[in-house]
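Here is what each chain is made of, one letter per residue.
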Amino acid sequence: AIPTRHPLVKVVQNGLLRANRREKEIERAMEKEMLAAIPSINKRVTFLGLLANTATLLGLLGTIFGLIAAFSSVAEASAAERQEALAAGISQAMYTTAFGISVAVPLLFFHHILARRSETMLIEVEAGATALMVSLAGAGQQSAAPPGSSSPSALPDNPGEAA
């Protein structure tokens, strides 16, 4: 069998290893594993968001530096050189803006894809844990039923109650 790294496997495994214990213990063990899995699922998602925001801000910073260079060179240049100095500074500003945006847009796109994928994975883990709890609760009710009764509704809601 090929081991899988999907967090659902560990959550279900923790639940099944405690299948003979109380429902609360099973639930706590699975919740603990789910909480442990959340940081690893979201780790790369937040990093992509950080990179996208950083690229945008660096592009903006380059724009500011380009405009500063353009205006300071205009103040220091002779009349013939002003047009060339202004064009060079504005060109630098536009290139850095374009670079920042061209890096940020794909990163934001992949950030969105990874965020949806991680949400889906967490929903799958919760659904799997819930399904296991329902299955184990159903198996526990059937094994606790008297030999003659086949419906779980014949059992009292609270096992400690007298019938």
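Refer to the structure above for everything that follows.
Residues numbered from 1 in each chain as written. Predicted model: local features only at pLDDT ≥ 70, side-chain atom pairs only at ≥ 80, totals over all residues. Heavy atoms only, no water.

Along the backbone of the chain there are 3 helices and 0 strands. Overall, the chain shows an N-to-C arrangement of helices and strands of α-α-α. A total of 163 residues make up the chain; the buried ones form 22% of that total. If you take every contact in the chain between residues at least 6 apart in sequence, the share linking residues at least 24 apart comes to 69%. Working note: accessible area of the chain is about 11,700 Å², and carbon and sulfur atoms make up 64% of it. (Helix = DSSP H or I, 4+ residues; strand = E, 2+ residues; numbered from the N terminus. Buried < 20%, exposed > 50% of the residue type's maximum accessible area, 1.4 Å probe, protein only. Contact = heavy atoms within 4.5 Å. Areas by Shrake-Rupley, 256 points an atom, 1.4 Å probe, with all protein chains shown as cover.)

Now for the packing of aromatic side chains. Across all of its chains, the model carries 1 aromatic pair by this definition. With 5.5 Å between their ring centres and 70 degrees between their planes, F109 and F110 make a pair best called edge-to-face. (Phe/Tyr/Trp six-rings, centres within 6.5 Å; stacked < 30°, edge-to-face > 60°.)

Now for the nonpolar core. Among the nonpolar cores identified, the biggest contains 8 residues, and these are V11, I26, M30, M34, V125, A129, L132 and M133. Every element with two or more residues in this core is listed here: α2 (23-76) and α3 (79-144). Sorting elements by how many residues they give to this core places α3 first, with 4 residues. Residues contacting I26, with those up to four places away along its chain left out, are G15, R18, A19, R21, M133 and L136. (Core = buried A, V, L, I, M, F, W, Y, C linked by side-chain atoms within 4.5 Å.)

On to a nonpolar patch on the surface, then. Taken together, the side chains of L57, L58, L60, L61, I64, F65 and I68 present a nonpolar region at the surface, about 690 Å² in accessible area. With respect to the helices and strands, L61 occurs in helix α2. (Patch = residues over 30% accessible without salt bridge, like charges linked within 9 Å, V, L, I, M, F, W, Y side chains within 5 Å. Salt bridge = Lys/Arg side-chain N within 4 Å of Asp/Glu carboxyl O.)

You can see A115 is positioned in helix α3. Residues A115 and I41, 74 residues apart in the sequence, show an inter-C-alpha distance of 9.3 Å.

The next point concerns the pattern of salt bridges. Once the charged atoms of two side chains with opposite charge are near each other, the side chains can pair. By the definition in use, this model includes 3 salt bridges. Note that E25 is salt-bridged to R22, the shortest N-O span being 3.5 Å. Given the relative accessible area of 28%, E25 is considered partly exposed. Ionic contacts of the salt-bridge type, sharing partners, join the residues R21, R22 and E25 into one network.

It is worth spelling out the packing of helix α1 (residues 7-17) against α2 at this point. The interhelical angle for the contact between α1 and α2, taken along N-to-C directions, is 160 degrees, at an axis separation of 8 Å. By the criterion of interaxial angle, the relationship of α1 to α2 is roughly antiparallel. Along this stretch, α1 crosses α2, giving a crossing that reads as right-handed. Between α1 and α2, the residues in contact are P7, K10, V11, N14 and G15 and I26, A29, M30, E33, M34, A37 and I41, respectively. Broken down by class, the residue content of the contact of α1 with α2 amounts to 8 nonpolar, 2 polar and 2 charged. (Axes fitted to C-alpha atoms, helices over the stretch in contact; angles between N-to-C directions. Parallel < 35°, antiparallel > 145°, perpendicular 65-115°, else oblique. Left-handed = near helix turned anticlockwise from the far one by under 90°. Nonpolar A, V, L, I, M, F, W, Y, C, P; charged D, E, K, R; others polar.)

Mapping S118 onto the fold places it in helix α3. You can call S118 buried: its relative accessible area is 6%. Residue contacts for S118: discarding those within four places in its chain leaves I41, N42 and V45.

Moving on, we get to the side chain of E33. Tracing the backbone through its elements, the reader meets E33 in helix α2. Buried charge E33 goes without a salt bridge, the closest partner of opposite sign being K10 at 4.9 Å. In this view, E33 contacts K10, V11 and N14; residues no more than four positions away in its chain are not counted. (Lys, Arg positive; Asp, Glu negative; His and termini not counted.)

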